[in-house]
Amino acid sequence: MELLDVYDNDGNVTGKTIVRGDKNAKLGKNEHIAVGVIFIENDNGEFLIQKTSKEKGGEYSSTGGHIDSGETPLSSIRREVEEELGINVDNDKIKEYGFLSFDMPLRFLFYLKKNIDIKEIKVQQEEVDYVKYMTVDEIYKLIDDNLMLKSHGIMFKELMNRLSR
């Protein structure tokens, strides 16, 4: 049983938890679960993008997932990178760009500048089919062609705005 903290509209933990996937759990108007998403860019200006497994929809996305109860958004994104890619980023300087609220979960946005050798990546096969580096233009094409998870496309555009590209 996976517990998720409930957040308010300001991104603060309320003290309430729900069981992930519980269809009977009711969230109020000012209540949200939260996810974290990280975009990892190499020195060539390319981003590490993953193709999700068929079980997860087969869309392109970045790395991310639900923030478990008791985790901070930053600790959850470090865990997700380890789980999905087999890469430890505990000592890396991950930049947090706050959260976006455009649907039910709050979406915490992270960015990491790091050269990761794709050969060192060990994908979590239940979640990820494969990963590859893509240019900004290639990612925008995925978004325009509706091949990228919609929420990740929105977050990528926001990151590009924050990075002033």
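Everything below is about the structure printed above this text.
What counts as what
Residues numbered from 1 in each chain as written. Predicted model: local features only at pLDDT ≥ 70, side-chain atom pairs only at ≥ 80, totals over all residues. Heavy atoms only, no water. 1 Å grid on protein atoms, 1.4 Å probe; cavity = no way out; pocket = protein on both sides within 12 Å on 5 of 7 lines; lining within 4 Å. Points joined across faces, edges and corners; volume = space filled by probe spheres on them. Helix = DSSP H or I, 4+ residues; strand = E, 2+ residues; numbered from the N terminus. Nonpolar A, V, L, I, M, F, W, Y, C, P; charged D, E, K, R; others polar. Buried < 20%, exposed > 50% of the residue type's maximum accessible area, 1.4 Å probe, protein only. Pairing = 2+ DSSP bridges. Salt bridge = Lys/Arg side-chain N within 4 Å of Asp/Glu carboxyl O. Axes fitted to C-alpha atoms, helices over the stretch in contact; angles between N-to-C directions. Left-handed = near helix turned anticlockwise from the far one by under 90°. Contact = heavy atoms within 4.5 Å. Core = buried A, V, L, I, M, F, W, Y, C linked by side-chain atoms within 4.5 Å.

Below, the discussion takes up the layout of surface pockets. Approximately 500 Å³ is the volume attributed to the largest pocket. Together, 27 residues line the largest pocket, and Lys56, Gly64, Gly65, Glu84 and Glu127 are the ones closest to its centre. Put simply, the parts of the chain that give the lining of the largest pocket at least two residues each are β3 (34–41), β4 (47–52), β5 (60–61), β6 (63–66), α1 (73–85) and α3 (150–162). Its residues placed into classes, the lining of the largest pocket shows five nonpolar, eleven polar and eleven charged. The computed volume of the second largest pocket comes to approximately 170 Å³. The wall of the second largest pocket is formed by Leu4, Ile18, Val19, Arg20, Gly21, Asp22, Lys23, Ala25, Leu27, Ile33, His66 and Met104. Residues that form the lining of the second largest pocket fall into these classes: seven nonpolar, two polar and three charged.

So, about the pairing of strand β8 (residues 106–113). When you tally the buried positions in β8, you get seven out of eight residues, the bulk of the element. Pairing between β3 and β8: eight bridges, direction parallel. Bridging from a neighbouring strand, Phe39 pairs with Tyr111 of β8. Note that strand β7 (residues 95–100) and β8 share four bridges and pair antiparallel. What sits directly across from Glu96, in β8, is Phe110.

Turning our attention to the pattern of salt bridges. Inspection of the entire model under this criterion finds eleven salt bridges. Notably, a salt bridge pairs Glu41 with Lys113, separated by 3.9 Å at the nearest N-O pair. Residue Glu41 is located in strand β3, and its partner Lys113 is located in strand β8; the two are separated by 72 residues in the primary sequence. With relative accessibility at 43%, the residue Lys113 sits in the partly exposed group. The salt bridge involving Arg79 is made with Glu71; its shortest N-O contact spans 2.6 Å.

Moving on, we come to the packing of helix α2 (residues 136–144) against α3. Where α2 meets α3, the closest approach of the two axes is 10 Å, and the angle between their N-to-C directions is 145°. Of the two possible hands of crossing, α2 and α3 adopt the one that is left-handed. Taking contact as the criterion, the partners of Val136, Ile139, Tyr140 and Ile143 in α2 are, on α3, Gly153, Phe156, Lys157 and Met160. When its residues are assigned to classes, the contact of α2 with α3 shows six nonpolar, one polar and one charged.

Once that is clear, we can look at the nonpolar core. In this structure, Ile38, Leu48 and Leu85 are the most contacted members of the largest nonpolar core, which totals 21 residues. Of all the elements in the fold, those that place two or more residues in this core are β3, α1, β8 and β9 (128–134). Formed by 19 residues, the second largest nonpolar core is a distinct cluster that contains Tyr97, Leu100, Met148 and Phe156.

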